[in-house]
Amino acid sequence: MIASTHSEETTTRAHIELADAHRTAPPAGLTTTHAGELLAQFGPNEIAEHHERPLVKLLRGFWGPIPWMIEVAAVLSAVVGHWADFCIIAVLLLANVIVGFWEEYQAGNAIAALRKQLSLTARARRDGKWVQLPARELVPGDLVRLRLGDIVPADARIVAGDPVSVDQSALTGESLPVTRKLDDLLYSGSVVKQGEVDAEVYATGPRTYFGKTAHLVESAHAVSHFQRAVIRIGNYLIGLAVALVTTILVVAIARGDTIMTTLQFALVLTVAAIPVALPTVLTVTMAVGARLLAARQAIVSRLAAIEELAGMDVLCSDKTGTLTQNKLSVGPPYIAAGAAHDDVLRSAAWASRGENQDPIDLAVLAGLDKPNPPEYAVTRFVPFDPVHKRTEATVAPPGAAPFRVSKGAPQVILALAEDPPEVKKAAEEAVNRFAARGFRALGVARTDAAGHWHLLGVLPLSDPPREDSRDTIARAREMGVDVKMVTGDQRAIAVEVAQELALGTNIADASALAAGETDSATPAGADDQPQAAANPAATAAFDAAVEASDGFAQVFPEHKFAIVKSLQRRGHITGMTGDGVNDAPALRQADAGIAVAGATDAARAAAAIVLLAPGLSVVVDAIQEGRKIFQRMTSYATYRIAETIRVLFFMTLSILVFNFYPVTTVMIVLLALLNDGAILSIAYDRVRGSQRPEAWNMRSVLSIATILGLAGVVSSFGLFYLAERAFHLSADVIQSLMYLKLSAAGQLTIFLTRTRGRFWTSRPSNVLLVAVLTAQTIATLVAVYGIFMTPIGWQIAALVWAYALTWFLINDQIKVAAYRLMDRKHPAQPQVGRATA
């Protein structure tokens, strides 16, 4: 239980008394006018988030290892009296900080906008009607209805309903749910695990017991496989740069070069070699991808999940509402012996509640010829939960004893009924007949005067497949994603639907399948009981059966967790859809947990991706977008490694072998900032997503990057030789010429790394083209007219561009040949493994 201090209890009582003071009658909700007055008095039901001021965020751009190096280089320029260099470096540093700040600011705004779409809502009684409103608009005195899967939106006191089970683990650390009854308190952020109650809000926002509300969207700071790989690349490049720059420093000092000038040059060279734009490129690329997914009705709550989508090769999809239309209608029922047609429909309707907007309840109520008599009062209602799989209501007829009615899964209702075996057998046969025609079945029962349950009949519910499901599944399989159907319905229904969708008919009964598999059926930490030791043979058999299945029937929430764990043990990157509160463990465990449209608050909070529209096509679009993002990041990683090798080795060998500095400090800063600034546009590049699940292949990236980098070193020395020996240019002109060559050839490399084939096989986006052309136009004008360097004129600039373009075509041929050679040595395998770096 929650440990409460005396002062906290006093504060809670004060809040309740304050709420009571605003109520003049038993809890019946508020009027819109009164609620508006209280909202003005108490403020929104939210905790004010700390937002870093834009100025502070801008200044933070001057703080960190990379800015420090540039700043030290500027200071050293001032110390040795190179004021022109000082001004140039300072201006370029400021420009880099502003560009980075703006891009991250825009990305942050995009992420914030997406999170707003996931804001918590609540069912409150306003003006005598139940309405859905944003949780931030709740005020003390509001009457709210809480049911299975809801996150409690504010501190509230239960005023009506049966005891409910509440999960407070996120707030108190208690591993087991607690029971709360009439007049007990519910705390903001806890989750209703079972039952349904009405509660009166007594504290909101910062006045809640724990001083905070539930935050639906998790922090997006999780680092994915691919991010870790790219960061390791960055560390590798930094290590390489430090080693080579240290060598230059030692040799320069040994030769008697000016220490301050050499140190300034070494610092700036290090800056040029380090991936300055790495964090910004990651952030912008993820944010752009998230915005594109949002346009397709998929909201990302953890940006890193986009990358996991790229590698997903198995998707476990809910049937109802995702593969089917979730538009239920009631057909002609099966009537049990001794019952009447009206008895079945009326009893089912009494066990339904329209205001909950449950699809089954709405279908049952719509199937009535006329509403139930109003004099038959429902005095107690027990809502559906995924464990008991039925609803129950107590009905008080006029002048007679109350009776109970229940509707739910046929196997549950038949187990409840105390009828002879022949009655149950006939009902089971009816259920099987319905299932063979693709109908879901709903058992209906009622108590007699002695309180014994008796079957009234079975209602058939039809839920046809969505029109796009079959084509979407075929598209997913073309992309290398195996779709497995997951449903709580009977196996016969699952087989019928699977046949219509061309999914395959190897549908496993989840209960029977998991019987021999004890280690994965319950999520670790789900309770305090020690788990049974795993039987390796049984686990291996279970895993093989799960992998071979086309789908799973009669699935309970704990089975979903076991299925995910099993597929992950087999090396699959797994996606799982879910909508219920008990789906949360499976959604968290999955590499990409996906909350479907209409999911409970708890499921949405646990998922990495929340769908706002029904259907599987949204998920497939998200997978395709994730693969495109992976392609962009791979292009950037390959480009960045190649450029580091090109610049570092060319500079180091020039200094060590020829005792010549091929570019100046200012030129290096221009190279780093112009090229990295333009490369931010790769987030908007047009790419073709892979038709197979993506797996991070460090061998391929490093090999291609090294080959392109070394080819760049050769081409740079070739131009250096021509400039010095053939054209006998002065050292200053050679430096300007080499600057233009390194800039032009460097950014052309991005058009090589974008594709495995010829560079023209995939047209780049207009944004990337314009960014590169703009950067290189500036670089050319700087070299031609001698801004910050010796001018080279248009003739030499044209020769440099012709040389760079020639080598660009040569490098393209080298790249294609290298990929062919690697493919022969390491033939492509079906990518079902987890991404490694």
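Refer to the structure presented above.
Not measured: the values here are computed from a predicted model.

Focus on the environment of Leu-773
Here's step 1: Relative to the elements of secondary structure, Leu-773 occurs in helix H26 (residues 766-785).
Here's step 2: When its relative accessible area of 56% is taken as the criterion, Leu-773 is described as exposed.
Here's step 3: In the structure, Leu-773 is positioned 26 residues away from Gln-747 in sequence and 9.4 Å away in space, judged by C-alpha atoms.

Side note on the nonpolar core
Here's step 1: In terms of nonpolar packing, the biggest core is built from 116 residues, with Leu-269, Met-485, Leu-503, Leu-616, Val-663, Met-738 and Tyr-739 touching the most fellow members.
Here's step 2: Counting residues per element, this core draws most heavily on helix H22 (residues 617-658), which supplies 19 residues.
Here's step 3: By size, the runner-up hydrophobic cluster in this structure holds 25 residues, among which are Phe-561, Ala-584, Ala-590 and Val-610.

Some words on the sheet that holds strand E7 (residues 185-186)
Here's step 1: Strand order across the open sheet formed by six strands is E2-E1-E3-E9-E4-E7, with antiparallel pairing between neighbours. Each end of this open sheet is capped by a strand with a single partner; those strands are strand E2 (129-134) and E7.
Here's step 2: Summarising the sheet, strand E4 (residues 155-161) and strand E9 (residues 196-203) pair through six bridges and their orientation is antiparallel. In the sheet register, Asp-155 faces E9, and the bridge partner there is Ala-203.

Structural notes on the pattern of salt bridges
Working definition: two side chains of opposite charge can pair if their charged atoms are close together.
Here's step 1: All told, the structure shown has 22 salt bridges when counted by the stated rule.
Here's step 2: One connected set of salt bridges, linked through shared partners, spans Asp-162, Arg-380, Arg-390, Glu-392 and Arg-404.

Regarding the packing of aromatic side chains
What characterises a pair of aromatic rings is the spacing of the ring centres plus the angle enclosed by the ring planes.
Here's step 1: This structure, assessed with the given rule, holds 10 aromatic pairs.
Here's step 2: Considering the side-chain rings of Phe-759 and Phe-808, the 4.8 Å spacing of their centres and the 65° angle between planes classify their relative orientation as edge-to-face. On the criterion of sequence distance, the pair formed by Phe-759 in the loop between helix H25 (731-753) and H26 and Phe-808 in helix H27 (residues 793-825) is long-range, its members being 49 residues apart.
Here's step 3: Taking relative accessible area as the criterion, Phe-759 reaches 25% and is therefore assigned partly exposed.

Describing the environment of Ala-818
Here's step 1: Within the element layout of this structure, Ala-818 appears in helix H27.
Here's step 2: Judged by relative accessible area, which is 10%, Ala-818 ranks as buried.
Here's step 3: The sequence separation of Ala-818 and Leu-708 amounts to 110 residues, and the corresponding C-alpha distance is 9.8 Å.
Here's step 4: If near-sequence neighbours (up to four positions away) are discounted, Ala-818 is found in contact with Ile-704 and Ile-707.

Some details on unusual backbone geometry
Here's step 1: Phi angles above zero are rare outside glycine, and Asp-183 is one such case at about 75°.
Here's step 2: Residue Gln-554 is not a glycine yet carries a positive backbone phi of 50°.
Here's step 3: On the secondary structure map, Gln-554 appears in the loop between strand E21 (551-553) and helix H19 (557-569).

Comments concerning helix H12 (residues 359-366)
Here's step 1: Of all the residues in H12, the buried ones are Ile-360, Asp-361, Ala-363 and Val-364. Buried residues along H12 cover an arc of 160° about the axis, so they all sit on one side.
Here's step 2: Contacts from the buried residues of H12 go to strand E12 (329-330), helix H11 (341-350), strand E16 (403-408), strand E17 (440-447) and strand E18 (453-462).

With respect to the pairing of strand E3 (residues 143-147)
Here's step 1: Within E3, four of the five residues are buried, which leaves it mostly tucked inside the rest of the structure.
Here's step 2: Relative to E3, strand E1 (residues 121-126) is paired through two bridges, and the arrangement is antiparallel. Across the sheet, the residue bridging to Ala-124 is Val-144, located in E3.
Here's step 3: Strand direction decides the pairing type here: E3 and E9, joined by five bridges, are antiparallel. Note on E9: the bridge partner recorded for Leu-143 is Glu-200.

A closer look at the pairing of E17
Here's step 1: Of all the eight residues making up E17, seven are buried; the element is thus mostly covered by neighbouring parts of the structure.
Here's step 2: Judged from the four bridges that link them, E16 and E17 form a sheet pairing that is antiparallel. Directly across from Val-405, in E17, lies its bridge partner Arg-446.
Here's step 3: Between E17 and E18, which follow one another and run antiparallel, lie five residues, and Gly-451 among them has a positive phi close to 90°.

Criteria and thresholds
- Residues numbered from 1 in each chain as written.
- Predicted model: local features only at pLDDT ≥ 70, side-chain atom pairs only at ≥ 80, totals over all residues.
- Heavy atoms only, no water.
- Helix = DSSP H or I, 4+ residues; strand = E, 2+ residues; numbered from the N terminus.
- Buried < 20%, exposed > 50% of the residue type's maximum accessible area, 1.4 Å probe, protein only.
- Core = buried A, V, L, I, M, F, W, Y, C linked by side-chain atoms within 4.5 Å.
- Pairing = 2+ DSSP bridges.
- Salt bridge = Lys/Arg side-chain N within 4 Å of Asp/Glu carboxyl O.
- Phe/Tyr/Trp six-rings, centres within 6.5 Å; stacked < 30°, edge-to-face > 60°.
- Contact = heavy atoms within 4.5 Å.
- Arc of directions from axis to C-beta.

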